[in-house]
Amino acid sequence: MRFEIHCKDQKSKARKGTIYTDHGIIQTPVFMPVGTAGTVKAIHNKDLEEQVKARIILGNTYHLYLRPGTNILKQAGGLHKFMGWNKPILTDSGGYQVYSLAHRRKMKEEGVIFQSHIDGSRHKFTPENVMHVQRIIGADIIMAFDECTPYPCEYDYAKKSMHMTHRWLNRCIEEFDHTEGLYNYSQTLFPIVQGSTFKDLRIQSAEYIAATGRDGNAIGGLSVGEPAEVMYELTELVCSVLPDDKPRYLMGVGTPANILECIALGVDMFDCVMPTRNARNGMIFTSEGILNMKNQKWVDDFSPIDPNGLTFVDQMYSRAYLRHLFTANEMLASIIATIHNLGFYLWLVDEAARQIEMNTFYHWKNLMVPKLSPRL
RNA sequence: GGGGGGGUUCCAGAGCGGUCAAAUGGGGCAGACUGUAAAUCUGUUGGCGCAGCCUUCGGAGGUUCGAAUCCUUCCCCCCCCA
């Protein structure tokens, strides 16, 4: 994997670049739709490519390991072939499940024992076998196994956890560097900065992660409930320590405003379930604000879903119709909303890239941010 | 024509003398959602000048300190037999 920076914004840390992988190039800043279980929920790959213009999607090690399992993934020839997606894939390691499924796992130095949310069976995840599983999944970018700490978090715990994440990283690197991909294309490993909301820990972690010299670096453990200001402050701090010439990936972020703010801080890659999950729950993101499509007020609004939207659904369907579909619990509601939201998120990062290129990003960002959050 | 059952707050449906503005489900309305246990979850759902009061359980009248609950009568539904 290779990363090239084309231009930088003068008034912020924003930059426009390209990541080169064996499955194609990724223009940055980029938003990566989340496809946990081998599917970005409620959307076909065809729409994902042609309408949304997604250039890389996520998969999840924990979920894919449990179902369909490594045996099937290996027989399929990896996740790309299994799901019919020929562009890049990034897999999360299961580190987020250490956080989100905390009540059904036990963590030790050796690794984590998860009790499956599907059938209750127990499964051990170690840095080594998480690398092994991600080799079988065949993601272009794989993530180190880490602990995503909760918020709030005691200093002592955050420190202990960070050090363990670092030790796990060493084991991940050791395992990854001594194995090869199964499918004739290269994979790369991203380490993850932790340290909760503590500046000294974040600096220490960022330095540690930077020193491993991998192709890209991730920032984890944020957007877990802390105020946005805290997230921005720590992101800025960590970005200042991480190398400039490698892509920076802020995991799990975020709202459209979060993304623009963090692009300004030097982040290149984002992922978040928000555009897809919230789409299924009736929330529509637009450049003018947020719409709750279940609300009564859209009942007879026959204007297009998003007059500024670039996907076909934006012009083809009215708000009244989409509201009707949500009210009637029709699955097309989820499909339309998902295409729209992902299309909007990708438009947002692409527009950011264009503004960076024109050196007008900072001004544009400050104009956009206040417009993105109001409820319409 | 004979016999039986029933009408409850938007709907379905509990309640069968006080603890009932009335269970529960649905629907409605609103909110939440940030490396997805999520097409999920939460709140709310008679009115008001709201620690109280007013209107409400098919209509009218009655019994009672007190009625959605008991009695009389009227109206309307449903089922079975002929």
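Quick caveat: nothing in here was measured; it's all calculated off a predicted structure. (Residues numbered from 1 in each chain as written. Chains lettered and ligands numbered in written order. Predicted model: local features only at pLDDT ≥ 70, side-chain atom pairs only at ≥ 80, totals over all residues. Heavy atoms only, no water.)

Caption draft 1: View of the protein's contact with RNA strand B. Close to RNA strand B lie 44 residues, the nearest being Ser100, Cys148, Met251, Gly252 and Val273. Protein-proximal atoms of RNA strand B, defined as those within 4 Å of the protein, fall in sugar or phosphate at a share of 50%. In the environment of RNA strand B, a base nitrogen lies 3.1 Å from a nitrogen or oxygen atom belonging to the side chain of aspartate 92. Separating a phosphate oxygen of RNA strand B from a side-chain N or O atom of tyrosine 96 is a distance of 3.1 Å. Elements with a minimum of two residues in the surface near RNA strand B: strand E5 (57-60), helix H5 (95-100), strand E15 (269-272), helix H11 (274-280) and helix H13 (319-327). Looking at the surface near RNA strand B, the element that brings in the most residues is H11, giving five residues. Of the residues assigned to the surface near RNA strand B, the class counts are 12 nonpolar, 22 polar and 10 charged. (Near = heavy atom within 4 Å. Polar contact = N/O pair within 3.5 Å; in protein donor to acceptor, adjacent residues only side chain to side chain. Helix = DSSP H or I, 4+ residues; strand = E, 2+ residues; numbered from the N terminus. Nonpolar A, V, L, I, M, F, W, Y, C, P; charged D, E, K, R; others polar.)

Caption draft 2: Molecular detail of the packing of helix H6 (residues 127-137) against helix H7 (residues 155-177). For the pair H6 and H7, interaxial distance at closest approach is 8 Å and the crossing angle is 45 degrees. The orientation of H6 with respect to H7, classified from their angle, is oblique. As for how H6 packs across H7, the hand of that crossing is right-handed. Across the interface between the two elements, Pro127, Glu128, Met131 and Arg135 from H6 touch Trp168, Arg171, Cys172, Glu175 and Phe176 from H7. (Axes fitted to C-alpha atoms, helices over the stretch in contact; angles between N-to-C directions. Parallel < 35°, antiparallel > 145°, perpendicular 65-115°, else oblique. Left-handed = near helix turned anticlockwise from the far one by under 90°. Contact = heavy atoms within 4.5 Å.)

Caption draft 3: Quick look at the pattern of salt bridges. Per the stated rule, a full pass over the model turns up 18 salt bridges. Salt-bridge contacts for aspartate 350 lead to arginine 55; the nearest nitrogen and oxygen are separated by 2.8 Å. Linking aspartate 350 in helix H14 (residues 331-357) with arginine 55 in the loop between helix H1 (45-50) and E5, this pair joins segments that are 295 residues apart in sequence. The exposure class assigned to aspartate 350 is partly exposed, which follows from its relative accessible area of 29%. Residue arginine 55 is classed as buried on the basis of its relative accessible area of 11%. Note that lysine 365 is salt-bridged to glutamate 261, the shortest N-O span being 2.9 Å. (Salt bridge = Lys/Arg side-chain N within 4 Å of Asp/Glu carboxyl O. Buried < 20%, exposed > 50% of the residue type's maximum accessible area, 1.4 Å probe, protein only.)

Caption draft 4: Inspection of H13 at higher detail. Looking at H13, one finds that the buried residues are Arg319, Ala320, Leu322, Arg323, Leu325 and Phe326. Trailing H13 by a residue or two, asparagine 329 shows a phi angle of about 60 degrees, which is positive.

Caption draft 5: Structural view of the sheet that holds strand E1 (residues 2-8). One open sheet accounts for three strands, arranged E1-E2-E3; its pairing is antiparallel. In this open sheet, the two strands that pair with only one neighbour each are E1 and strand E3 (24-28). For this sheet, the mean inter-axis angle between neighbouring strands, taken without regard to orientation, is 15 degrees. Across six bridges, E1 lies against strand E2 (residues 15-21) in antiparallel orientation. Its bridge partner lying in E2, arginine 2 is registered against tyrosine 20. H14 contacts E1, E2 and E3 of the sheet and is inclined by roughly 120 degrees relative to E2. (Pairing = 2+ DSSP bridges.)

Caption draft 6: How the structure looks around H6. The buried count for H6 comes to eight of 11 residues, which makes it a mostly enclosed element. When we look at burial in H6, the residues that qualify are Pro127, Val130, Met131, Val133, Gln134, Arg135, Ile136 and Ile137.

Caption draft 7: View of the packing of aromatic side chains. Within the structure shown, the criterion is met by 14 aromatic pairs. Both rings, one in tyrosine 65 and one in phenylalanine 125, keep their centres 5.1 Å apart while their planes meet at 75 degrees; by these two values the pair is edge-to-face. Within this pair, whereas tyrosine 65 is found in helix H2 (residues 61-66), its partner phenylalanine 125 is found in strand E9 (residues 122-125), the two being separated by 60 residues in sequence. For tyrosine 65, a relative accessible area of 25% gives the class partly exposed. Between phenylalanine 285 and tyrosine 345, the ring centres sit 5.6 Å apart and the planes meet at 80 degrees, which makes this aromatic pair edge-to-face. Here tyrosine 345 lies in helix H14 and phenylalanine 285 lies in strand E16 (residues 283-286), a separation of 60 residues in the sequence. For the pair phenylalanine 285 and tyrosine 345, one class covers both residues: buried. Among the aromatic side chains, those forming a connected cluster through ring pairs are Phe31, Phe285, Phe344, Tyr345 and Trp347. (Phe/Tyr/Trp six-rings, centres within 6.5 Å; stacked < 30°, edge-to-face > 60°.)

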